[in-house]
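# Structural description and commentary
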Amino acid sequence: MDGLATFLTPTLGAGGVVLLVVLMVLRGALVPRSTVDLVVADKDRQIDVWRSLAEGRQEMISLQQTQLDLLMGTAQTTERVLDAVSEAARMAREGGGGRALAQTPEDRP
């Protein structure tokens, strides 16, 4: 920074350097350290909030996956029962009687 000051002072003069600093502050090129610290602290808080939300979302996804697995087992059982009942009804219509209910899907031709 010392080299920059020695370069700018003869070129712009003292008033020019002050004007340059004021313009840099107004345009946002120079900001106080306290402002930078506040912005960084705010961003850190936002990161913590998003991280906790992501962890909560992951727990929710895991719970939903467990519930879906249980529901799929129930759905498969229900499908097998409905297939067996419809097969038994079809066989009863064709004259097979009650034997279709005693058969498992593996016993059927």
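The numbers attached to residues start from 1 for each chain and follow its sequence in the written order. Given that the model is predicted, a residue must reach a pLDDT of at least 70 before its local features are reported, and side-chain atom pairs must reach 80 or more before they are shown or counted; all residues, however, enter totals for whole chains, interfaces and linings. To obtain the side-chain values, all non-hydrogen atoms of the structure were included, while hydrogens and water were left out.

### Quick look at the overall build of the protein
This is how it is decided: Numbering goes from the N terminus for both helices and strands, where a helix is a DSSP run of H or I of at least four residues and a strand is a run of E of at least two. A 1.4 Å probe rolled over the protein chains alone gives each residue an accessible area, and that area as a share of the maximum for its type sets the label: buried under 20%, exposed over 50%, partly exposed in between. Per-residue and other accessible areas follow the Shrake-Rupley method at a 1.4 Å probe size, with only the shown protein chains counted as cover for residues.
Helix and strand counts for the protein come out as three helices and zero strands. Going residue by residue from the N terminus, the α and β elements of the protein occur as α-α-α. For the protein, the proportion of its 109 residues judged to be buried stands at 6%. Carbon and sulfur atoms form 64% of the exposed surface of the protein, whose accessible area is close to 9300 Å².

### Quick look at helix H2 (residues 33-94)
To keep things clear, this is the line we draw: Helices are assigned an expected span. That span is 1.5 Å times one less than the residue count.
Between its first and last C-alpha, H2 extends 89 Å over 62 residues, near the 92 Å set by a 1.5 Å rise per residue. Where H2 ends, the next residue or the one after it, Gly 95, has phi of about 100 degrees, a positive value.

### Some words on a nonpolar patch on the surface
Which entries qualify depends on this criterion: Patch construction takes residues with relative accessible area above 30% that form no salt bridge. Like charges are linked within 9 Å, and nonpolar side chains (Val, Leu, Ile, Met, Phe, Trp, Tyr) are linked within 5 Å. Criterion for a salt bridge: a side-chain nitrogen of Lys or Arg within 4 Å of a carboxyl oxygen of Asp or Glu.
Residues Val 18, Leu 19, Val 22, Leu 23 and Leu 26 make up a contiguous nonpolar surface patch of about 490 Å² in total accessible area. Along the chain, Leu 23 turns up in helix H1 (residues 2-27). A relative accessible area of 44% means that Leu 23 is categorised as partly exposed.

### Describing the pattern of salt bridges
What the rule picks out here adds up to five salt bridges. With a shortest N-O distance of 3.6 Å, Arg 45 and Asp 42 are connected by a salt bridge. Remark: Asp 42 and Arg 45 occur in helix H2; sequence separation between them is three residues, near one turn of the helix. Classification of Arg 45 as exposed rests on a relative accessible area of 51%. With relative accessibility at 33%, the residue Asp 42 sits in the partly exposed group. The residue Arg 90 makes a salt bridge to Glu 87 at a minimum N-O spacing of 2.3 Å.

### Digging into the confidence of the model for the protein
The condition that has to hold: As a per-residue measure, pLDDT reflects the predictor's confidence and takes values from 0 up to 100.
Looking at the protein, pLDDT values average 82 and 79% of them are 70 or higher. The secondary-structure element of the protein with the lowest mean pLDDT is helix H3 (residues 99-102), recorded at 53, while H2 shows the highest, at 93.

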